[in-house]
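# Notes for the structure review
One-letter residues, chain by chain:
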Amino acid sequence: QVQLVESGGGLVQVGGSLRLSCAASGSTISINVMGWYRQAPGKQRELVASITRGGESDYADSVKGRFTISRDNAKSALYLQMSSLKPEDTAVYYCNARVSIWGGRVFNAWGQGTQVTVSS
């Protein structure tokens, strides 16, 4: 099994920066793609960025050029560097890991979430 714990959220002014971290534990060798999702009040959870074990990343159009996702496989850690923050970035951010399961199936592990609030 895999457990994920996020940290680094907080209150920041428009144009500011934050760095989110996600620590994975358990059967981390089974993790392939990892990503960050976010959910604002009254809205659906959406994918912000993803990254493969090999370091290939992808971003939502709304954050492209402002956010950078990275991972340290040796430390089983995931990061999201957020810059030029906007009020619309305000949300609870969740760490996600796609975990390979014996038999060819995939399980999605989720963290508890960390609040990011961008003041206007």
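Read on for a plain summary of the structure.

Cut-off values and rules
- Residues numbered from 1 in each chain as written.
- Predicted model: local features only at pLDDT ≥ 70, side-chain atom pairs only at ≥ 80, totals over all residues.
- Heavy atoms only, no water.
- Core = buried A, V, L, I, M, F, W, Y, C linked by side-chain atoms within 4.5 Å.
- Buried < 20%, exposed > 50% of the residue type's maximum accessible area, 1.4 Å probe, protein only.
- Helix = DSSP H or I, 4+ residues; strand = E, 2+ residues; numbered from the N terminus.
- Patch = residues over 30% accessible without salt bridge, like charges linked within 9 Å, V, L, I, M, F, W, Y side chains within 5 Å.
- Areas by Shrake-Rupley, 256 points an atom, 1.4 Å probe, with all protein chains shown as cover.
- Salt bridge = Lys/Arg side-chain N within 4 Å of Asp/Glu carboxyl O.

### Let's talk about the nonpolar core
In this structure, Leu4, Trp36, Leu80 and Tyr93 are the most contacted members of the largest nonpolar core, which totals 30 residues. Taken together, the elements giving at least two residues each to this core come down to β1 (2-7), β3 (18-26), β4 (31-39), β5 (46-51), β7 (67-72), β8 (77-82), β9 (91-101) and β11 (114-119). Examining the composition of this core, we find that five residues originate from one element, β9, more than from any other.

### Details of a nonpolar patch on the surface
A contiguous nonpolar surface patch, about 430 Å² in accessible area, is contributed by Ile101, Trp102 and Phe107. Turning to its location among the elements, Phe107 is positioned in strand β10 (residues 105-110). Its relative accessible area of 46% is what places Phe107 among the partly exposed residues.

### Observations regarding the pattern of salt bridges
Side chains that differ in sign of charge can pair as their charged atoms come close. Scanning the entire structure with this criterion turns up four salt bridges. Residue Lys64 is joined to Asp61 by a salt bridge in which the shortest nitrogen-to-oxygen separation is 3.5 Å. When salt bridges that share partners are traced, they join Arg38, Glu46, Arg66 and Asp89 into one network.

### A few points about unusual backbone geometry
Unlike most non-glycine residues, Ser76 shows phi in positive territory, near 55°. Within the secondary structure layout, Ser76 lies in the loop between β7 and β8. Given a relative accessible area of 17%, Ser76 falls into the buried group. With a phi angle near 50°, Ser84 is a residue other than glycine that sits in the positive phi range. The exposure class assigned to Ser84 is partly exposed, which follows from its relative accessible area of 39%.

Nothing here speaks to function; it is all geometry.
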